[in-house]
Amino acid sequence: QEMAKRYTAIRTQMTALWEGAKRDARKERRALTEKYERKLALMTTAVGELQDNLKEARDASTSLSQVLLEIESSKDAAQEETQMVETRYITMVAKRNKEIADLKEGMNDLRTTVKENQEQLEEYETSFRQLIRLGVKITGHKLQNGKQRVAGGFGNNN
C-alpha cells in the first residue's frame, strides 16, 4: 500500500511536472510563435516595401529610358538638320562665289571692251583729223591750181 501511495504520489508529481512542462512548452511555443510572426510581419512589410521600391525604380528606369530615346532622337534630328543647313549654306556660298567670279570676269571683259573702243575711237579721231588735214591740203592745192589756171588763163588771153 505504501508503495501504491508512493507510486501515486510519484505519478501525481510526474503528471504535475509533465503538465507543467507541457504548459511551459505551450507558453514558450506561443511566445516564440508571436515573436516569429512579428518578425515575419516585419519582414513581409519590408519585402513589400522593397518590391514597391523596385517597381517604382523599374517604372522610373523605363520612363528615363523613353526620355533618353526621345532626347537622342531629337539630337539626331537636330544634327541632321544642322548638316542640311550647313550643306545648303555651303552650296549657296559656292553659288554666290561663282556669281561674283562671273561678274568680275564680266567687268574685266567690259573694261577690255571699253578700252578697245576708246583706242578705236582715238584711232578714228586721229584718222578724222588726218582726213581733215588732207582735205584742207587738197582743197588748198586745188585752190592754188585753180588760181594758177585762172591766172594762167587770164594771162594767155591778154
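Residues numbered from 1 in each chain as written. Predicted model: local features only at pLDDT ≥ 70, side-chain atom pairs only at ≥ 80, totals over all residues. Heavy atoms only, no water.

Can you break down the pattern of salt bridges residue by residue, with the values?
Applying the stated criterion across every chain yields a total of 4 salt bridges. The salt bridge partner of Lys55 is Asp59, with a shortest N-O separation of 3.4 Å. Here the residue Lys55 and the residue Asp59 both occupy positions in helix 1 (residues 2–157), the gap between them amounting to 4 residues, near one helical turn. Taking the relative accessible area as the measure of exposure, Asp59 reaches 43% and is therefore partly exposed. Salt-bridge contacts for Lys98 lead to Asp102; the nearest nitrogen and oxygen are separated by 3.2 Å. Remark: Asp102 and Lys98 occur in helix 1; sequence separation between them is 4 residues, near one turn of the helix. (Salt bridge = Lys/Arg side-chain N within 4 Å of Asp/Glu carboxyl O. Helix = DSSP H or I, 4+ residues; strand = E, 2+ residues; numbered from the N terminus. Buried < 20%, exposed > 50% of the residue type's maximum accessible area, 1.4 Å probe, protein only.)

Any details on the packing of aromatic side chains? Residues and values, ideally.
Both the distance between ring centres and the angle between the ring planes are used here to describe each pair of aromatic rings. Applying the stated criterion to the full structure yields 0 aromatic pairs. Seen from the ring of Trp18, Lys22 lies directly overhead, with NZ or CZ sitting 4.4 Å from the centre. (Phe/Tyr/Trp six-rings, centres within 6.5 Å; stacked < 30°, edge-to-face > 60°. Lys NZ or Arg CZ within 6 Å of the ring centre and 35° of its normal.)

Just give me the short version of a nonpolar patch on the surface, but keep the residues and values in it.
Together, Phe128, Leu131, Ile132 and Val136 give the surface a local cluster of nonpolar side chains, amounting to about 420 Å² of exposed area. Among the secondary structure elements, Ile132 is positioned in helix 1. Judged by its relative accessible area of 43%, Ile132 falls in the partly exposed class. (Patch = residues over 30% accessible without salt bridge, like charges linked within 9 Å, V, L, I, M, F, W, Y side chains within 5 Å. Areas by Shrake-Rupley, 256 points an atom, 1.4 Å probe, with all protein chains shown as cover.)

Describe in detail a positive patch on the surface, supporting the description with residues and values.
Together, Lys22, Arg23, Arg26, Lys27 and Arg30 make up a positively charged patch on the protein surface. The residue Arg26 is located in helix 1 in this model. Assessed through its relative accessible area of 45%, Arg26 is described here as partly exposed. (Lys, Arg positive; Asp, Glu negative; His and termini not counted. Charge placed at Lys NZ, Arg CZ, Asp CG, Glu CD.)

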